[in-house]
Amino acid sequence: PFHAVWICFSGGRISIPVWWSFFGLALFLQLPELRADICIPDYCCLSDEEDSDPIVNAWIGPCGTVSPLHHDPYHNVFAQVVGTKLIRLYSPAYSDMLYPHDSVMLNNTSQVDCEHPDLQRFPKFAEAPFWECVVGPGDLLYIPPKFWHYVRSLAVSFSVSFWWK
């Protein structure tokens, strides 16, 4: 099933709503037959909580799709299935250099555009150390809870995140 949907998406006939490229919305609830194609990595079973099935998110998007610098409250195993993505990671120890929004709704999101920062407004950002990598098909990347991450698609891509407490 995934292969058939991917052909429609990557072949220019986008049959999947475009907003799925920006949010990990409930793709597997909308297209449950795709869920059977996704195996949960063993790493996700290392939780201290009993019976804690991971939350599975799908991320589909064209080249250039950006997930702005943000953090999540969960452990995350990020699996790249198709295409490539650039990912930057920042430790939560440097949160003050990343200028999170003040509002409660966006306090997990930075005000800074990672690749084109306004250093007049956000001068400490230039000093924030980070790790950067490119993930490709078959790669897994562990992102600890509260670690800031920025993601940009380098090609049409499909990724899956597995979140757990």
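Here, every reference points to the structure presented above.
These numbers were taken from a predicted model, which means no experiment stands behind them.

Novice: Got a minute to help me understand the packing of aromatic side chains in this structure?
Specialist: Centre-to-centre distance and the angle between the planes together describe a pair of aromatic rings. Applying the stated rule across the entire model yields six aromatic pairs. Arranged with centres 5.8 Å apart and planes meeting at 40°, the rings of tyrosine 90 and phenylalanine 125 form a pair that is tilted. Pair noted here: tyrosine 90 is in strand β4 (residues 85-90) and phenylalanine 125 is in the loop between β4 and β5 (131-135), with a separation of 35 residues, a long-range link. Phenylalanine 125 carries the same exposure label as tyrosine 90, and that label is buried. Through a chain of ring-to-ring contacts, three or more aromatic side chains come together here, namely Tyr90, Phe125 and Phe130. Of note, arginine 88 hangs over the ring of phenylalanine 130, and the distance from its end group to the ring centre comes to 4.3 Å.

Novice: Got a minute to help me understand the pairing of strand β8 (residues 157-164) in this structure?
Specialist: Consecutive side chains of a regular strand alternate in pointing toward one face of the sheet and then the other. Buried residues dominate β8, accounting for eight of its eight residues. Side chains Ser157, Ser159, Ser161 and Trp163 project from β8 onto one buried face, and the interleaved Phe158, Val160, Phe162 and Trp164 project onto a second face that is buried too. Inspection of the sheet shows strand β1 (residues 55-61) paired to β8 by seven bridges, in the antiparallel sense. Bridge pairing in β8 links isoleucine 60 to phenylalanine 158. In the sheet, strand β3 (residues 75-82) pairs with β8 via seven bridges, with the strands oriented antiparallel. Note on β8: the bridge partner recorded for glutamine 80 is serine 159.

Novice: Any chance you could explain the sheet that holds β8 here in plain terms?
Specialist: Remark on secondary structure: sheet strands pair via backbone hydrogen bonds, oriented parallel or antiparallel. Here we have four strands laid out as an open sheet, ordered β1-β8-β3-β6, and antiparallel in their pairing. Looking at strand neighbours, the two that pair on one side only are β1 and β6 (140-143), the edges of this open sheet. Here the average twist between neighbouring strands, direction ignored, is 20°. Pairing geometry for β3 and β6, over four bridges, is antiparallel.

Novice: Before we go on, may I ask you to explain the sheet that holds strand β2 (residues 66-70) in this structure?
Specialist: Ordered in space as β2-β7-β4-β5, the four strands form an open sheet in which the pairing is antiparallel. On the outer flanks of this sheet lie β2 and β5, each paired with one strand and no other. Averaged over all neighbouring strand pairs, the angle between strand axes comes to 15°, with direction disregarded. Pairing between β4 and β5: five bridges, direction antiparallel. What sits directly across from isoleucine 87, in β5, is cysteine 133.

Conventions and cut-offs
Residues numbered from 1 in each chain as written. Predicted model: local features only at pLDDT ≥ 70, side-chain atom pairs only at ≥ 80, totals over all residues. Heavy atoms only, no water. Phe/Tyr/Trp six-rings, centres within 6.5 Å; stacked < 30°, edge-to-face > 60°. Helix = DSSP H or I, 4+ residues; strand = E, 2+ residues; numbered from the N terminus. Buried < 20%, exposed > 50% of the residue type's maximum accessible area, 1.4 Å probe, protein only. Lys NZ or Arg CZ within 6 Å of the ring centre and 35° of its normal. Pairing = 2+ DSSP bridges. Axes fitted to C-alpha atoms, helices over the stretch in contact; angles between N-to-C directions.

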